[in-house]
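Summary of the model geometry
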Amino acid sequence: MVCISTVSYSIIVNGKPIKPFEAKRGLRQGDPLSPLLFVIAMEYLCRLMKQLGNNKEFRFHPRCAKVRLIQLGFADDLLLFCKGDVQSVMALHKQFQIFFTASGLVANTSKSSVYFGGVDSRTRLKIMEVLGYTKGDLPFGYLGVPLSTKRLSAIQCEPLIDKMLNRIQCWTAKFLSYAGRATLIKNNNIWDTKPKNASWVIQKIFKAKAQFQEAGYSEDDVRYNDSFSTRKMYKALQGEFQKVTWRCLVCNNKGMPKWIFILRLAIQDRLATKKRLARWGSVDETLCTMCHMNNETVQHLFFDCDYSNEIWQKLLSWKGVMRRKKQWKEEVQWAEKNAAGKNAGAEIYRMVLAAAVNHIWQARNNIIFQEKQINAQSIVKTIVQEIHIRAQHYKKTGYLSK
């Protein structure tokens, strides 16, 4: 039991497993070891039931005595059979209690029932009092088949027959040729069909009807369409919307995903600056974390602050842009106009913009949460190194134009 009580798990985060942690409840459902343990437990139960057959106090069910059958099981569904007297039931229940104690598997009383056949009412009450289970009525379904003490009638077998016929009908359609299937579809109105017994793939295809209708497709459009374009379907579902002018700065940016994410938030003024947090009532202090001179807004944090101003001037000089830094909105507009192409200069400037915004934001967070300040020269050096590495990678793969 050591391998069960000392189980631990590790979760993969960003492609790397974290430190393992112990499980308080042992093995969970889906663990590769669970089926093996279940088989071992059921083997122990079978041996207990075989021992019960040699007990003089126990008597087999009249229909099971010849083959000495006591239990039938499928997964976690279990049927137990014995003679309908108190002595046999108590012996069976006692043997089952031994299994409970050893394995820890306890029968669910709300889902367990006892079934009688040819037993008087007085004995029934005593047996139900011993077991603590409710009385079930025959016939009942087990693995889709009705079970009864008497011969099954045609009405009781109808659900099973219907399932078999539906399955056979699916088989007939499955073995048709592709031409036969196409003819079957074109000659039948399947737009309003609800395939209850089809595979999950077919059901998923039929559920896509709602998306086709939302995109403006009718049944005839789908039936007589010789080719299908996923792009056109996506555009139809997406609808008409106004494109933002700065999309080229984030959609065609070869920088790291976290750079682009922070840049997108900055352009939309969604970063949690102190000025924005103050509007929410989260903080009272709104001065810039870097210079403690003005209110911390996106404009001040990334361009007006002396700290970020030094970073921008060094990056512009390294990039060969001989001008002073602009206001935030003006800088974005300049980038939209001059860095929207596919040449290497435009690609690198978009990466510079995203990397600078991200590193300035990270430097600000390090001061607040870790009380650690990094000088501007170190940040510029880190940005240049990271852009150089990414540019070399895209140059080798052919994604960076000359």
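Please read these numbers as outputs of a predicted model, since none were measured by experiment.

A word on the overall build of the protein. From N to C terminus, the protein includes 18 helices and 10 strands. Classification of the 402 residues of the protein by burial places 31% in the buried group. Accessible surface computed for the protein: about 28,200 Å², of which carbon and sulfur atoms make up 55%.

Looking along a regular strand, one sees side chains alternate from face to face of the sheet. When strand E5 (residues 71–74) meets strand E6 (residues 77–80), the two strands line up antiparallel, connected through 4 bridges. Bridging from a neighbouring strand, phenylalanine 74 pairs with aspartate 77 of E6. In textbook terms, the turn of a hairpin is the stretch between consecutive antiparallel strands, and for E5 and E6 this stretch comprises 2 residues, one of which, alanine 75, has a positive phi near 55°.

Okay, the pattern of salt bridges next. Enumeration over the complete set of coordinates arrives at 4 salt bridges. Its salt-bridge partner being arginine 47, residue glutamate 43 comes within 3.3 Å of it at the nearest N-O pair. A residue pair is termed a helical-turn pair when its members lie 3 or 4 positions apart in one helix, as glutamate 43 and arginine 47 do in helix H2 (residues 34–53) at 4 residues. You can call glutamate 43 partly exposed: its relative accessible area is 41%. Residue classification places arginine 47 among the exposed positions, given a relative accessible area of 53%. Here lysine 254 and glutamate 347 are joined by a salt bridge, their closest N and O atoms 3.7 Å apart. Within this pair, whereas lysine 254 is found in the loop between helix H11 (247–251) and helix H12 (257–267), its partner glutamate 347 is found in helix H17 (residues 344–370), the two being separated by 93 residues in sequence. Take lysine 254: its relative accessible area is 17%, and that puts it in the buried class.

Moving on: unusual backbone geometry. Located in the positive-phi region is histidine 292, a residue other than glycine, with phi close to 55°. Here histidine 292 shows up in the loop between helix H13 (274–280) and helix H14 (298–304). For histidine 292, a relative accessible area of 52% gives the class exposed. Of note in the backbone geometry, glutamate 371 takes a positive phi value of approximately 55° without being a glycine. Position of glutamate 371 relative to the elements: it lies in the loop between H17 and helix H18 (376–397). Looking at glutamate 371, the relative accessible area reads 74%, which means it is exposed.

As a further point, take the side chain of serine 112. Mapped onto the elements of the fold, serine 112 is located in the loop between helix H3 (86–103) and strand E7 (113–114). For serine 112, a relative accessible area of 19% puts it in the buried group. In terms of polar contacts, serine 112 uses its side chain to reach the backbone carbonyl oxygen of asparagine 108, at 2.7 Å. Those residues within four positions of serine 112 in sequence are excluded, and the remaining contacts are Ala107, Tyr133 and Thr134.

Moving on, we get to the packing of H12 against H17. Relative orientation of the contacting elements H12 and H17 amounts to 80°, with a least axis distance of 8 Å. On the basis of their axis angle, the class for H12 and H17 is roughly perpendicular. Across from Lys258, Trp259, Ile260, Ile262, Leu263 and Ala266 in H12, the residues of H17 making contact are Met351, Leu353, Ala354, Ala355, Val357, Asn358, His359 and Trp361. In the contact of H12 with H17, the residues fall into 11 nonpolar, 2 polar and 1 charged.

Applying the stated criterion across every chain yields a total of 0 disulfides. Of all cysteine sulfurs, the one in cysteine 288 lies closest to cysteine 291, which takes part in no disulfide; the gap is 3.8 Å. The structure places no disulfide on cysteine 305, whose sulfur is separated from the nearest cysteine sulfur, that of cysteine 291, by 3.8 Å. Here cysteine 305 falls in the buried class, since its relative accessible area comes to 1%.

Applying the stated criterion to the full structure yields 7 aromatic pairs. Aromatic rings pair up to connect Tyr44, Phe96, Phe99 and Phe100 into one cluster.

Before going further, it helps to spend a moment on the confidence of the model for the protein. Taken over all residues, the pLDDT of the protein has a mean of 80, while the share at 70 or more is 87%. Element-level mean pLDDT values for the protein span from 54 in helix H1 (residues 2–5) up to 91 in H12.

Now for the environment of serine 378. Considering the arrangement of structural elements, one finds serine 378 in helix H18. For the pair serine 378 and isoleucine 311, spaced 67 residues apart in sequence, the C-alpha separation works out to 9.5 Å.

Attention now goes to the packing of H2 against H3. Between H2 and H3, the shortest axis-to-axis distance is 10 Å and the interhelical angle comes to 150°. Our classification of the angle between H2 and H3 gives roughly antiparallel. Relative to H3, the crossing made by H2 is right-handed. Two secondary-structure elements touch here, H2 through Ala41, Met42, Tyr44, Leu45, Leu48, Met49, Gln51 and Leu52 and H3 through Ala91, Leu92, Gln95, Phe96, Ile98, Phe99 and Ala102.

Counting 48 residues, the largest nonpolar core has Phe302, Trp328 and Val357 as its most contacted members. Elements with a minimum of two residues in this core: H11, H12, H14, helix H15 (306–319), helix H16 (328–338), H17 and H18. The contact partners of valine 357, leaving out residues within four places of it in the chain, are Ile262, Leu263, Ala266, Phe302, Trp312 and Trp328.

What counts as what
- Residues numbered from 1 in each chain as written.
- Predicted model: local features only at pLDDT ≥ 70, side-chain atom pairs only at ≥ 80, totals over all residues.
- Heavy atoms only, no water.
- Helix = DSSP H or I, 4+ residues; strand = E, 2+ residues; numbered from the N terminus.
- Buried < 20%, exposed > 50% of the residue type's maximum accessible area, 1.4 Å probe, protein only.
- Areas by Shrake-Rupley, 256 points an atom, 1.4 Å probe, with all protein chains shown as cover.
- Pairing = 2+ DSSP bridges.
- Salt bridge = Lys/Arg side-chain N within 4 Å of Asp/Glu carboxyl O.
- Polar contact = N/O pair within 3.5 Å; in protein donor to acceptor, adjacent residues only side chain to side chain.
- Contact = heavy atoms within 4.5 Å.
- Axes fitted to C-alpha atoms, helices over the stretch in contact; angles between N-to-C directions.
- Parallel < 35°, antiparallel > 145°, perpendicular 65-115°, else oblique.
- Nonpolar A, V, L, I, M, F, W, Y, C, P; charged D, E, K, R; others polar.
- Disulfide = S-S within 2.5 Å.
- Phe/Tyr/Trp six-rings, centres within 6.5 Å; stacked < 30°, edge-to-face > 60°.
- pLDDT = per-residue confidence, 0-100.
- Left-handed = near helix turned anticlockwise from the far one by under 90°.
- Core = buried A, V, L, I, M, F, W, Y, C linked by side-chain atoms within 4.5 Å.

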